[in-house]
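Now for the letters of each chain:
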Amino acid sequence: MRVIKIVSVMLVLALIGSVMAGTTGKIAGVVTDASTGDPLPGVNVLVNGTTLGAATDLEGYYVILNVPPGEYEVTASMVGYTEITKTQVRVRIDQTTTLNYNLGEQALEAGETITVVAERPVVEKDVAASRANISTEEIESIPVAEVANVVGLQAGIEGLSIRGGGSSEVAFVVNGITLRDERNNSPYTGISLTSVEELQVQAGGFSAEFGNIRSGIVNVVTKEGKRDKYTFSFLGRYSPLGDKHFGPSPNAPGSYWVRPYVDDEVAWTGTDNGAWDKYTRAQYPYFKGWNKISEELLQNDDPNDDLSPAAAQRLYLFQHRKQLDIAGPDFTADMSFGGPVPYVSDQLGNLRFFASYRNSQSMYLVPLHRDAYRDYTWQLKLTSDLGQGKKLMISGLLGAETGVDRWNNGTPGMFTSSWQIASALSNGPKYIEGRMFSTDYWGPARTDYTNLGVKYTHALDEKTFFEVSFSTFTSDYEKHPGARRDTADVYKFGNNYYVDEAPFGFQSLSTSAINGMRTGAGMSNARDSSEVQSYSLKFDITKQVDRRNNVQLGGEFVLTHSNITYGRYDQFLPTGNYTTKWDKWPRRGALYIQDKLEFQGMIAQLGLRMDYSHAGGEWYDYSQYPQAFSGTYVEGIDTLLNKEPTEHIFTFSPRLAIAFPVTETSKLYFNYGHFRQLPQPDDLYMLRQSGFTDQILRVGNPNAELQKTVAYELGYEQSVLDQFLIRAAGYYKDISLQPRLVTYENNDGSISYSRAEPNNYEDIRGFEITLNKNRGQWVRGFLNYTYMVSTYGYFGYGIFYENPALQRQYEQTTTYYYQAKPKPRPYARANIDFFSPDNFGPKIADTHPLAEWRLNFLANWKTGRYDTW
């Protein structure tokens, strides 16, 4: 008797909790009769282990929307036909995975299923941009420990600079939520690498869904807790303590800083005594000698200043006692744990969690106020099935970074790497010495981040769903001096010469060491207590209208509370002091519509985005040289100047991306788009006042035009031997309306302020070549090469004087360039992963000891920089 296995599939689409526009893909295909080739209607197609599924229509076509990225088994079944399951079906973000079935009439024993390994195409035909989709398996094969490092290995990217754009031009999206610090538009990337399910990096051609960006998208989907088991992951990186500079320690007797003061050949009688040859003398700073210093001290009228040469040298060594050797390791600890929530999971819709923690330490080149940059992040993701086709996800993030202030002026930023510190130690020997051997030239800095997101997804029918999300992101800044110096005279040198603990501790007054090294004033000048919180509401609806059209429309609204207080303060040198404050509630919004058309010979995505921005409140209406900006009249600025409501700004941005599959193994693609972005908040809302003269130093413009980038890209992809992917892409970016500071000064100098004006332009062009192998045994990896050329400049003058004579002199004599063309510096990266297959070697006690061993090579190359004397 013939027994037929029947599989019943609910035809209502159920959605995974991580679903959000731009975070899922879809599976589509055609089911035909294996013997006749006719389409089969009514075939049930099910993604195993989920409630995702669909049935074929009269043409045998089916589509399963909103499949989270990952690898699946997909089964097609129909009464009277043999059930077929395809394994290793890879679904990627924003892409269509084509899965066709040929079902034969039932001929097997009851319950039997044909299992087929799905073939992933090397060339993904529906992608019309230079895009890298990196799965968790591929991430594991790259020897890095941070998401930003994975991103930075892709073609056209250096750090988080994508094709020459700044990191503030990049959107970092996690589960559909943009992690952006609205203080300076910088992305927050410190998430756990072990939590990542798939990471997508796109350098151009992004859809109308994404706004307030101009250079690229890093789209991350994190893992979701399993319904029926617990999982744990750990990633560790450890680098033993060791020097991060060439040559001896700055404390060493033979170092540049110490040798003239301790080498007996010159220490007592000076470096010009003839003991050193002229070549040695040229390598070290001039020193008069301890004998001369002692003689000068003995000649003054204060007997308490008397020091012998030996005592003077001992005092020097005491004031340079700070140890500059690295005392700790670099490390990263990254771990994740997930599964069903104990006891209540079944009662709360298969409630499941995925938690992760990341902690990182990077030691500084030399210890400063702190000896390292440290950051940590906690993440938690909860997912619940509220009903058929209804899902809820709640996510949270707590993060912090601590280190030492980088700028000494209150603006955001702290030292995160050794090269940054090396670059800052470059203002002449005395300044470098004071920055190294004191503890508080740069003060401590800390930034805390919090994020909360809620998403609800609802399937209206098999081919229509909508999603709503609400999220907040908060950044809290803190910069201030460290502990004050104990100025009690407790250390004795010579007969009656006392000193305090300098150069340790913060000292606002001017002090110096016996050799002239600066130990006070001009230190720890940064002050910052700013807090910025943004609230984002987003709605999207997607419908598979027919076999060819997938339409998506949506909108978002972002409200920001920008409470800024920062500045520079120096008690001893007040001329450079200033304060910057504002408390604003800017808002922005957007509406967009896009359609993805899929034909056999062309896949196109057409979109249009409308962006709206409003700074809120009122702003000053003033002429070029307003009296109210002078220190004399600034107290009455609100009565001297009228205020007008800020403008409501609307812009429209068309987007187009087209892919042409030339053959089964090649495609040509093109994309074009307009991308708009708000200027930095400092350029919009700043009203900076001098702490010395009370003058207004800098003025924002809340009605400034949005920065604009028009980008084009043309690319070609070719599969070789069904193993290798070769991609060649050329691009051009026309950038305009970027702000630059323009200064206005009146006749007597009582009014001198700067204002950001949209006079900066840039164009960037280049090409990229990528060779990728992400399949096969024994060897996988990638190799890429980037060549980029940029040109930038300004329109108009940088200074306008009220005095015509000064203006003419400026225009005639200022060496002012209008356009710069830096020489290109091509670069290349390679990641080659050698590994043994999972069943390699002899089997011992149900294991293969020689299987799954990996050897990885990561290489970076960049052409040298051009310098002249």
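Everything that follows concerns the structure shown earlier in this document.
Residues numbered from 1 in each chain as written. Predicted model: local features only at pLDDT ≥ 70, side-chain atom pairs only at ≥ 80, totals over all residues. Heavy atoms only, no water.

Trainee: Any chance you could explain the overall build of the protein here in plain terms?
Mentor: Counting secondary structure elements, the protein contains 11 helices and 47 strands. Seen along its three principal axes, the alpha-carbon backbone of the protein occupies a region of about 120 × 75 × 55 Å. A fraction of 69% describes how many contacts in the protein between residues 6 or more apart in sequence connect residues 24 or more apart. Counting only carbon and sulfur atoms, one obtains 55% of the accessible surface of the protein, whose full area is about 38,500 Å². Taking the average place of the 81 positive charges on the side chains of the protein and the average place of its 98 negative ones, the gap between the two points comes to 2 Å. (Helix = DSSP H or I, 4+ residues; strand = E, 2+ residues; numbered from the N terminus. Contact = heavy atoms within 4.5 Å. Areas by Shrake-Rupley, 256 points an atom, 1.4 Å probe, with all protein chains shown as cover. Lys, Arg positive; Asp, Glu negative; His and termini not counted. Charge placed at Lys NZ, Arg CZ, Asp CG, Glu CD.)

Trainee: Is there a simple way to think about helix α5 (residues 290-299) in this case?
Mentor: Quick reminder: α-helices carry 3.6 residues per turn. Residues three or four places apart thus point the same way. Within α5 the residues assigned to the buried category are Trp290, Ile293, Ser294 and Leu297. Around the axis of α5, the buried residues are gathered within 100° of arc, so they sit on the same side. In this structure, the buried residues of α5 make contact with α3 (259-262) and α6 (309-319). (Buried < 20%, exposed > 50% of the residue type's maximum accessible area, 1.4 Å probe, protein only. Arc of directions from axis to C-beta.)

Trainee: Quick question: what am I supposed to make of the nonpolar core here?
Mentor: Within soluble globular proteins, side chains that are nonpolar tend to cluster in buried spots. Grouped together as the largest cluster of nonpolar side chains are 39 residues, with contacts concentrated most on Trp290, Leu307, Leu315, Leu368, Phe415, Trp442 and Ile514. Contributing elements (two or more residues each) for this core: α5, α6, α7 (418-424), α8 (429-437) and β27 (497-499). Counting residues per element, this core draws most heavily on α6, which supplies 5 residues. For phenylalanine 415, the residues in contact, after removing those within four places along its chain, are Tyr364, Leu368, Tyr373, Val404, Asp405, Arg406, Gln420, Ile421, Ala424 and Trp442. (Core = buried A, V, L, I, M, F, W, Y, C linked by side-chain atoms within 4.5 Å.)

Trainee: For this particular structure, what's the right way to read the pattern of salt bridges?
Mentor: Between side chains of opposite charge, pairing is possible as soon as their charged atoms come close. With the rule as written, the count across this model stands at 38 salt bridges. Where lysine 596 meets aspartate 126, a salt bridge forms, and the shortest distance between an N and an O atom there is 2.9 Å. Pair noted here: lysine 596 is in strand β32 (residues 587-598) and aspartate 126 is in the loop between β9 (114-117) and β10 (131-135), with a separation of 470 residues, a long-range link. Aspartate 126 gets classed as buried once you look at its relative accessible area, which sits at 12%. In this structure, the salt-bridge partner of aspartate 638 is lysine 643, at a minimum N-O distance of 3.7 Å. Since its relative accessible area comes to 38%, lysine 643 is described here as partly exposed. Taken together, the shared-partner salt bridges in this structure form one network comprising Arg90, Arg92, Glu124, Glu137, Glu138 and Glu198. (Salt bridge = Lys/Arg side-chain N within 4 Å of Asp/Glu carboxyl O.)

Trainee: Can you walk me through the packing of aromatic side chains in this structure?
Mentor: Aromatic rings considered in pairs are described by the distance between their centres and by the relative angle of their planes. One pass over the structure, following the stated rule, counts 42 aromatic pairs. Centroid distance tyrosine 188 to tyrosine 449: 4.6 Å. Interplanar angle 40°. Geometry classified as tilted. Here tyrosine 188, found in the loop between β16 (186-187) and β17 (196-202), pairs with tyrosine 449, found in strand β24 (residues 444-461); they are 261 residues apart in sequence, far enough to count as distant. You can call tyrosine 449 buried: its relative accessible area is 8%. Following the ring pairs from residue to residue traces out a cluster consisting of Tyr622, Tyr625, Phe629, Tyr744, Tyr753, Tyr797, Phe800, Tyr801 and Tyr810. Residue placement shows arginine 183 over the ring face of tyrosine 477; its charged tip is 4.6 Å from the ring centre. (Phe/Tyr/Trp six-rings, centres within 6.5 Å; stacked < 30°, edge-to-face > 60°. Lys NZ or Arg CZ within 6 Å of the ring centre and 35° of its normal.)

Trainee: Is there a simple way to think about the packing of α5 against α6 in this case?
Mentor: A packed helix pair is summarised by two numbers, namely the angle formed by the two axes and the spacing between the axes. Between α5 and α6, the shortest axis-to-axis distance is 8 Å and the interhelical angle comes to 105°. The angle between α5 and α6 falls in the class roughly perpendicular. Residues Trp290, Asn291 and Ser294 of α5 pack against Pro309, Ala312, Gln313 and Tyr316 of α6. Split into classes, the residues belonging to the contact of α5 with α6 amount to 4 nonpolar, 3 polar and no charged. (Axes fitted to C-alpha atoms, helices over the stretch in contact; angles between N-to-C directions. Parallel < 35°, antiparallel > 145°, perpendicular 65-115°, else oblique. Nonpolar A, V, L, I, M, F, W, Y, C, P; charged D, E, K, R; others polar.)

Trainee: What should I look at first to understand the pairing of strand β5 (residues 70-77) in this one?
Mentor: Consecutive side chains along a regular strand alternate between the two faces of the sheet. Extensive coverage of β5 is indicated by the burial of 6 of its 8 residues. Alignment of strand β2 (residues 44-47) against β5, held across 4 bridges, turns out to be antiparallel. Residue pairing for β5: valine 47 is matched across the bridge by valine 74. Judged from the 6 bridges that link them, β5 and strand β6 (residues 84-91) form a sheet pairing that is antiparallel. (Pairing = 2+ DSSP bridges.)

Trainee: Would you take a moment to explain a nonpolar patch on the surface for this structure?
Mentor: On the surface, Trp778, Val779, Phe834, Phe840, Leu850, Leu855 and Phe857 cluster together into a nonpolar patch covering about 630 Å² of accessible area. Within the secondary structure, leucine 850 is located in the loop between β46 (827-835) and β47 (854-862). The exposure class of leucine 850 is partly exposed, given its relative accessible area of 44%. (Patch = residues over 30% accessible without salt bridge, like charges linked within 9 Å, V, L, I, M, F, W, Y side chains within 5 Å.)

Trainee: Any chance you could explain the environment of tyrosine 364 here in plain terms?
Mentor: Mapped onto the fold, tyrosine 364 is located in the loop between β21 (352-363) and β22 (372-387). Taking the C-alpha atoms as reference, tyrosine 364 lies 38 Å from asparagine 759; in sequence the two are 395 residues apart. Residue contacts for tyrosine 364: discarding those within four places in its chain leaves Lys244, Ile326, Arg370, Asp371, Ala372, Tyr373, Gly403, Val404, Phe415, Thr416, Ser418 and Ile421.

Trainee: Just to check I follow, could you spell out the environment of leucine 65 for this structure?
Mentor: When you line up the elements, leucine 65 lands in strand β4 (residues 61-67). We classify leucine 65 as buried; its relative accessible area is 2%. Between the alpha carbons of leucine 65 and threonine 222 there is a distance of 19 Å; along the sequence they are 157 residues apart.

Trainee: Where do I start with unusual backbone geometry in this structure?
Mentor: One can expect most non-glycine residues to show negative phi and most peptide bonds to be in trans. With an omega dihedral of 10°, the bond running from alanine 502 to proline 503 counts as a cis peptide bond. Relative to the helices and strands, proline 503 is located in the loop between β27 and β28 (526-528). We note that glutamine 88 has phi near 55°; this positive angle belongs to a residue other than glycine. Examined against the element boundaries, glutamine 88 turns out to sit in strand β6. Under the relative-accessibility criterion, glutamine 88 is labelled partly exposed at 43%.

Trainee: Before we go on, may I ask you to explain the sheet that holds strand β13 (residues 170-174) in this structure?
Mentor: Through backbone hydrogen bonds, the strands of a sheet pair up, either in parallel or in antiparallel fashion. Here 5 strands make up an open sheet; going across it, the order is β10-β17-β18-β13-β14 and the pairing mixed. Each edge of the open sheet is held by one strand with a lone partner, namely β10 and β14 (177-178). Pairing analysis gives 5 bridges linking β10 to β17, with the strands arranged antiparallel. Each bridged residue has a counterpart across the sheet, and for asparagine 133 the counterpart in β17 is glutamine 200.

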